[in-house]
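Given next are the chains, with one letter for each unit.
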Amino acid sequence: MAALPRRIAQQVKRDALLASPFFRPMQPEELDAILGFASERRVPKGDTVFAKGAPGDSMMAVLAGRVRIGAVSADGREVTLNVIGPGEIFGEIALLDGKPRSADAVAIDDTLLLLVERRHFMPFLLRDPSLVERMLFVLCDRLRRTSLALEEIALLDLGVRLARVLLKLARDYGRPADNGTRIDLKLSQRDLANLVASTRESVNKQLQHWKRDGLVDQVEGRLVLCNPAALAALTE
């Protein structure tokens, strides 16, 4: 990975916050006020950003690099719940309720984070009732989207869910390859299973089926989408 930039422009930081529905309703002057008390944190590849159970005292936006959100199952297996890339945020709910972290966060690459601490954000938020109201709308929208996601898990078959996840990963981490679009992120079949709420065996069976049909391939531990249009058609 390329070396992290020594300085990050103010607009890049502002854009990182605006990428989240949590901050999108804010006015430019409100974002600048937040950036005034935000700080930067550099996390070397492989280091822990925070551990499950740690105090939920801040929100983070990824300015460069990538962060893996995961957990360890009861039988000791490590599972990936999400991958956060540049322009995405995580830990924003802890910014409001201050409760302990519900998962581990580990830097996949050398990573630069924008850190907004709860002790600074809450006084800022509570000074403006209109801002509180806008945040409530955002949280209600998130709850609705979570309900929709659970509905999709219940009603859509595995092929549709997996195709949607692979297409999103290709948009976020895709690189041109000889036989299609390579997802430049190493995820195990168990990781994919967690992302689509299924089992590793079922995901493996689906991927093998698509591989025989020429839709996907695997090269050096990375998935390659050989026919993204066909996968997109499965989601319609």
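Quick note: structure is the one above.
Residues numbered from 1 in each chain as written. Predicted model: local features only at pLDDT ≥ 70, side-chain atom pairs only at ≥ 80, totals over all residues. Heavy atoms only, no water.

Once that is clear, we can look at the sheet that holds strand β11 (residues 216–219). The sheet built from 4 strands is open, its strands ordered β9-β10-β12-β11 with antiparallel pairing. What marks the edges here is a single partner per strand, and that holds for β9 (174–177) and β11. When strand polarity is set aside, the average angle formed by the axes of neighbouring strands in this sheet is 35°. (Pairing = 2+ DSSP bridges. Helix = DSSP H or I, 4+ residues; strand = E, 2+ residues; numbered from the N terminus. Axes fitted to C-alpha atoms, helices over the stretch in contact; angles between N-to-C directions.)

To continue, consider empty space enclosed by the protein. This structure, assessed with the given rule, holds 2 cavities of 30 Å³ or more. Taken as a whole, the largest cavity spans an internal volume of roughly 60 Å³. Along the walls of the largest cavity sit Leu 169, Ile 183, Leu 185, Leu 187, Leu 192, Gln 218, Gly 221, Arg 222 and Leu 223, which together make up its complete lining. Across the lining of the largest cavity, the residue classes break down as 6 nonpolar, 2 polar and 1 charged. Roughly 30 Å³ of internal volume is contained in the second largest cavity. Taken together, Pro 21, Phe 22, Val 138, Leu 139, Arg 142 and Arg 145 form the lining of the second largest cavity. Its residues assigned to classes, the lining of the second largest cavity comprises 4 nonpolar, no polar and 2 charged. (1 Å grid on protein atoms, 1.4 Å probe; cavity = no way out; pocket = protein on both sides within 12 Å on 5 of 7 lines; lining within 4 Å. Points joined across faces, edges and corners; volume = space filled by probe spheres on them. Nonpolar A, V, L, I, M, F, W, Y, C, P; charged D, E, K, R; others polar.)

Okay, the pattern of salt bridges next. According to the stated counting rule, one finds 10 salt bridges in the structure shown. The shortest N-O distance in the salt bridge between Glu 40 and Lys 13 comes to 2.9 Å. With a gap of 27 residues between them, Glu 40 in strand β1 (residues 39–43) and Lys 13 in helix α1 (residues 10–18) connect regions that are remote in the sequence. Note on Glu 40: relative accessible area 35%, which makes it partly exposed. In this structure, Lys 168 and Asp 172 form a salt bridge, with 2.8 Å as the shortest nitrogen-oxygen distance. Pair noted here: Lys 168 and Asp 172 are both in helix α6 (residues 158–173), with a separation of 4 residues, about one helical turn. (Salt bridge = Lys/Arg side-chain N within 4 Å of Asp/Glu carboxyl O. Buried < 20%, exposed > 50% of the residue type's maximum accessible area, 1.4 Å probe, protein only.)

Counting residues in each nonpolar core, the largest one holds 28 residues, and the members touching the most others are Leu 17, Phe 22, Phe 23, Met 26, Ile 34 and Phe 121. Within the residue set of this core, elements represented by two or more residues are α1, α2 (28–37), β3 (58–64), α3 (92–97), β8 (111–117), α4 (118–126) and α5 (129–155). When neighbours within four sequence positions are excluded, Met 26 is seen to be in contact with Leu 31, Ile 34, Phe 121, Leu 131, Arg 134 and Met 135. Among the nonpolar cores identified, the runner-up in size contains 24 residues, and Val 165, Val 203, Leu 215 and Leu 231 belong to it. (Core = buried A, V, L, I, M, F, W, Y, C linked by side-chain atoms within 4.5 Å. Contact = heavy atoms within 4.5 Å.)

Here the largest pocket defines a volume of roughly 1,800 Å³. Along its surface, the largest pocket is lined by 45 residues, and Leu 81, Asn 82, Ile 84, Arg 142 and Arg 145 are the ones closest to its centre. Listed by contribution, the elements that provide at least two residues to the lining of the largest pocket are β5 (78–84), β6 (89–90), α3, α5, α6 and α7 (189–195). Here the element with the most residues in the lining of the largest pocket is α5; it accounts for 9 residues. When its residues are assigned to classes, the lining of the largest pocket shows 26 nonpolar, 7 polar and 12 charged. Estimated volume of the second largest pocket: approximately 230 Å³. Along the walls of the second largest pocket sit 14 residues, with Arg 66, Ile 108, Asp 109, Leu 185 and Lys 186 positioned nearest its centre. Of the residues assigned to the lining of the second largest pocket, the class counts are 5 nonpolar, 1 polar and 8 charged.

Attention shifts here to the packing of α1 against α2. Two packed helices can be described by the angle between their axes and the distance between those axes. It is the contact of α1 with α2, at a shortest axis distance of 10 Å, that shows an interaxial angle of 110°. Taken together, the axis directions place α1 and α2 in an arrangement best described as roughly perpendicular. From α1, Gln 10, Lys 13, Arg 14, Leu 17 and Leu 18 reach across to α2, where they touch Leu 31, Asp 32, Ile 34 and Leu 35. Broken down by class, the residue content of the contact of α1 with α2 amounts to 5 nonpolar, 1 polar and 3 charged. (Parallel < 35°, antiparallel > 145°, perpendicular 65-115°, else oblique.)

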